[in-house]
Amino acid sequence: MAGLHALESSSPASTYEALGPMIDGATGGIACYSRLPARQLLRYVPSNTVSMWWISDHESPQTVPPTAIDLQRHLTQHITDAMDLVVVEGLDWLVTRSGSEETLAMLQSLDALARSSNIDIIFPVDGLSFSTTFWNRLTSLATKMDLTSTRLNETVPSVAEGPLDPTTANQHPGPNEESAKDRMLVHLVNLPKVGFNHALLAKRMLQWKRMGFDLSALEPALVLSDVSQSHAIYEMVESDIVLAIDCIRLIEANHGKLSATEREMFNYRMMALNNVSDAAAELETVLSAR
């Protein structure tokens, strides 16, 4: 089984529930490269048996920049014959940042590395986030895995088949009713323009609403007859949400540097998607001064 594998999954919860038996049964080392910081990843994997790396632009000893070359370099340096399993999230992000050709070159190198080291490298992915061409080339390199249990089939439909990720399945009140750090805020895969429609948009909006985001700016996209215009609005709101989630994680990581009032104010602005870019700049300024 050594080599690359693609596991179709719409959220970290479904990924690690599916991979749970493999992680629990591993006799060698395990590493997870995740878009979630370690604090949130600990919801899914045991820290005493798994090495955790955060794929992020934020600089820290445990982060890896979200580019194909940086990830390849890091994996090459850290994979050893004593390891059994490596999980790498965020492949769609690498394609966006580095391009499909550079990402595919990385995958080819990692496939050779995995086979020579006799380990499995698993990429949890959502097929909707890739072009047909890239998906076909990906699955020619990475064997498709089918690890979903009956319970997952019942509760974790994909974006194309059902409304929710398990990470967003619980009802969440609005920004003022619950602290943002108690929510499960996750980056969802991008919905590409090809195949985009109002039904997919409605399902994605429900996922974001259940995280607690105010989607007033996105609601007009549901009634526009021009799907291209709807997708343009979606991408604008999505970029704000991606930045908002990263900022909320930054707030959590620097909890002691901010007063309760500042944390509440910044969390509110992020969840309300209220001038997110300006709020992010203000947050960086405040933290850099302390």
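Thresholds, definitions, all that
Residues numbered from 1 in each chain as written. Predicted model: local features only at pLDDT ≥ 70, side-chain atom pairs only at ≥ 80, totals over all residues. Heavy atoms only, no water. Salt bridge = Lys/Arg side-chain N within 4 Å of Asp/Glu carboxyl O. Helix = DSSP H or I, 4+ residues; strand = E, 2+ residues; numbered from the N terminus. Buried < 20%, exposed > 50% of the residue type's maximum accessible area, 1.4 Å probe, protein only. Polar contact = N/O pair within 3.5 Å; in protein donor to acceptor, adjacent residues only side chain to side chain. Contact = heavy atoms within 4.5 Å. Pairing = 2+ DSSP bridges. Axes fitted to C-alpha atoms, helices over the stretch in contact; angles between N-to-C directions. Phe/Tyr/Trp six-rings, centres within 6.5 Å; stacked < 30°, edge-to-face > 60°. Lys NZ or Arg CZ within 6 Å of the ring centre and 35° of its normal.

Trainee: Would you take a moment to explain the pattern of salt bridges for this structure?
Mentor: Opposite charge on two side chains allows them to pair when their charged atoms are near. Under the defined criterion, the tally for this structure stands at seven salt bridges. Taking the shortest distance from any N to any O, the salt bridge between Asp57 and Arg97 comes out at 3.0 Å. Of the two residues, Asp57 sits in the loop between strand E3 (50–55) and strand E4 (63–64) while Arg97 sits in helix H4 (residues 91–98), which places them 40 residues apart along the sequence. In this structure Arg97 comes out as partly exposed when scored by relative accessible area, which is 39%. Notably, a salt bridge pairs Arg269 with Glu282, separated by 2.9 Å at the nearest N-O pair. Of the two residues, Arg269 is situated in helix H10 (residues 260–271) and Glu282 in helix H11 (residues 276–288); the sequence distance between them amounts to 13 residues. Residue classification places Arg269 among the buried positions, given a relative accessible area of 15%. Assessed through its relative accessible area of 35%, Glu282 is described here as partly exposed.

Trainee: Please clarify how the side chain of His231 should be interpreted in this entry.
Mentor: When you line up the elements, His231 lands in helix H9 (residues 227–253). What makes His231 buried here is its relative accessible area of 4%. A polar contact is formed between the side chain of His231 and the backbone nitrogen of Lys193, at a distance of 3.3 Å. With near-sequence residues (within four places) excluded, His231 lies in contact with Leu191, Pro192, Lys193 and Phe196.

Trainee: Please clarify how the sheet that holds E3 should be interpreted in this entry.
Mentor: Overall, parallel pairing links the seven strands, which are arranged E4-E3-E2-E5-E6-E1-E7 in an open sheet. The open sheet has two edge strands, E4 and strand E7 (143–145), and neither has a second partner. For strand E2 (residues 29–34) and strand E5 (residues 83–88), the ladder comprises five bridges, and the chain directions are parallel. Paired with Tyr33 across the two strands is Val88, which belongs to E5. Across the sheet, helix H6 (residues 132–141) is in contact with strand E1 (3–8), strand E6 (120–125) and E7; its angle to E7 comes to roughly 90°.

Trainee: Help me understand H4, please; the structure alone is not making it clear to me.
Mentor: Think of an α-helix as 3.6 residues a turn; residues three or four steps apart then line up on the same face. Burial within H4 is extensive, with six of its eight residues counted as buried. Buried within H4 we find Leu91, Asp92, Trp93, Leu94, Val95 and Ser98. At its buried positions, H4 is contacted by E3, helix H3 (68–78), helix H5 (100–117), E6 and H6. Just beyond H4, the residue with positive phi is Gly99, at close to 95°.

Trainee: Looking at this structure, I do not really get the packing of aromatic side chains. What am I missing?
Mentor: On inspection of all chains with the given rule, the structure shows five aromatic pairs. Here Tyr33 and Trp53 contribute two aromatic rings whose centre-to-centre distance is 6.3 Å and whose plane-to-plane angle is 20°, an arrangement assigned as stacked. Of this pair, Tyr33 sits in strand E2 while Trp53 sits in strand E3, and the two are 20 residues apart along the sequence. Note on Tyr33: relative accessible area 1%, which makes it buried. For Trp53, a relative accessible area of 13% puts it in the buried group. Put simply, the rings of Phe130, Phe134 and Trp135 pair up and form one aromatic cluster. One residue, Arg204, lies across the ring of Trp208, its end atom 5.7 Å from the ring centre.

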